[in-house]
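Letter by letter, the chains look like this.
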Amino acid sequence: MTGNASLVNLFDLDRTAMEAFFAELGEKRFRAHQVMKWIYHRHVTDFGQMTDVGKALRARLEERAEIRPPGVLYDKASADGTHKWLLGMDAGNAVETVFIPDRGRGTLCVSSQVGCGLNCQFCSTATQGFNRNLSTAEIIGQVWIAARHLGNRPHIERRLTNVVMMGMGEPLLNFDAVVRAMSLMRDDLGFGLANKRVTLSTSGLVPMIDRLAEESDVALAVSLHAPNDALRTELIPLNRKYPIAELMDACVRYLARKRRGEAVTFEYTLMKGVNDAPEHARELAALMRAFCNKAQYADAAKVNLIPFNPFPGTRFERSDEATVRAFQKILLDAGVLTTVRRTRGDDIDAACGQLKGQVMDRTRRQASFRRQLEKGERPHAA
Ligand code: SAH
């Protein structure tokens, strides 16, 4: 047999799929639930240790399935309590996951793709190109690794309280796997997180925001970073396809399907001399006010200002502290809920926009192969 290719990795199955898998084995639903509790509540990956599951069933599970989390290549703790893992997904590919403890809550920043294809100009992940989507197992596996490390027990000790899909990749371009993983994060048989404590962040794929509203129930964050199309297109090429007005309308539709009182978070990374002038703040305030009017309630928008985190080779710089405060004040004075994200974990390159992992970039590699061939060189793998 060629390794594990024929085994079902149970981390790939949400509750519905687990129940279907057990039904196929001729087993009752509650057996699926027992196994989920072993996996997610007790962090057990060995069927042999599942003492309330009969021996015969354990043996059949071993023949058909496995419980395989991503491998930890290394983990690193920051002086401020932030913790980063580099998780190996397959040969040459690895992603980063970051845990950020903060006054009674703990947020895990989870990756959705190996690399990213969107090419946002100020993001370190973009410099690496794109390799592939992560599977459900590889996404929920990140939460599992962190929860195991933290000794987390849902309902007993809630140190991991929030998940944000703000790691490497664009989660809406890996829709199905991300939605399944987010369902496991919120399932009582999984990590039992409240819906509003799981946040998906997107650079603004309008049609997929509508699909998300239909198929999942999580908090939405949108990476805005500029108050007008000319500047946003420079920073985020995707804006050419889905300009700000269309993006705002999709966010209004998203909120319309949710419980009243929830907000969309707009992320705005402040870069010195690029998007941090008082006029930008005023333009952003007007955009947010118009959005709240359309959504028909005040506080439908929250702005989260992120001081830019530098990485090697970037042409951007972080705005000064005073500029950040002045920018925030203009928004607050205009009645827009605005917070400033504290920079965490930058001593271990774990801050927003600094995640790199390890990406075997297919597109770029192929291009460099071609160039080498054209120059008559013998190509070598990256
Ligand atoms: N692709 C999704 C998920 C990634 S979230 C999205 O764009 O929303 C990562 C967040 O960090 C985004 O808001 C992103 O714009 C922001 N970010 C990227 N690079 C950054 C940097 N160098 N400094 C600060 N924030 C950055």
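Here, every reference points to the structure presented above.
Worth saying up front: this structure is predicted, and the values here are computed from it rather than measured.

Rules and cut-offs
- Residues numbered from 1 in each chain as written.
- Predicted model: local features only at pLDDT ≥ 70, side-chain atom pairs only at ≥ 80, totals over all residues.
- Heavy atoms only, no water.
- Helix = DSSP H or I, 4+ residues; strand = E, 2+ residues; numbered from the N terminus.
- Buried < 20%, exposed > 50% of the residue type's maximum accessible area, 1.4 Å probe, protein only.
- Contact = heavy atoms within 4.5 Å.
- Pairing = 2+ DSSP bridges.
- Axes fitted to C-alpha atoms, helices over the stretch in contact; angles between N-to-C directions.
- Arc of directions from axis to C-beta.
- Right-handed = clockwise from strand over helix to strand, strands pointing away.

Asker: Can you break down the environment of A94 residue by residue, with the values?
Answerer: For A94, the position within the fold is in strand 5 (residues 93–102). Among the residues examined, A94 registers a relative accessible area of 0% and is labelled buried. Taking C-alpha positions, A94 is 21 Å from N309, a pair spaced 215 residues apart along the chain. In this structure A94 touches L73, L86, L87, G88, M89, M168, G357 and Q358, once residues within four positions along its chain are discounted.

Asker: Please give an account of the sheet that holds strand 3 (residues 71–77) that cites residues and values.
Answerer: To summarise the sheet geometry, strands pair through backbone hydrogen bonds and adopt either a parallel or an antiparallel arrangement. Taken together, the ten strands give an open sheet; going across it, the order is 3-4-5-6-9-10-11-12-13-14, and neighbouring strands pair in mixed fashion. For this open sheet the edge positions go to strand 3 and strand 14 (337–340), each flanked by a neighbour on one side alone. Sheet twist, expressed as the mean angle between neighbouring strand axes with direction ignored, is 20 degrees. Pairing of strand 3 with strand 4 (residues 83–90) involves six bridges; the strand directions are antiparallel. Its bridge partner lying in strand 4, Y74 is registered against L86. Along the sheet, helix 5 (residues 175–186) makes contact with strand 9 (162–165) and strand 10 (198–202), crossing strand 10 at roughly 155 degrees.

Asker: Now, about helix 6 (residues 206–215): what can you tell me, with residues and values included?
Answerer: Count 3.6 residues to each turn of an α-helix, and residues three or four apart come out pointing the same way. Every buried residue belonging to helix 6 is among V206, M208, I209, L212 and A213, and all of these are buried. Down the axis of helix 6, the buried set is contained in an arc of 160 degrees. They therefore lie on one face. On its buried side, helix 6 packs onto helix 5, strand 10, strand 11 (219–223) and helix 8 (244–256).

Asker: Explain the pairing of strand 12 (residues 264–270) residue by residue, including any values.
Answerer: Of all seven residues making up strand 12, seven are buried, and the element is well covered by its neighbours. The alternating pattern of strand 12 places V264, F266, Y268 and L270 and T265, E267 and T269 on opposite faces, both of which are buried. In terms of strand pairing, strand 11 meets strand 12 through three bridges, oriented parallel. Looking across to strand 12, one finds that V222 is bridged to F266. Across seven bridges, strand 12 lies against strand 13 (residues 301–307) in parallel orientation. Along strand 13, the bridge assignment pairs L270 with P307. For the segment spanning strand 12, helix 9 (residues 278–295) and strand 13, crossover handedness is right-handed.

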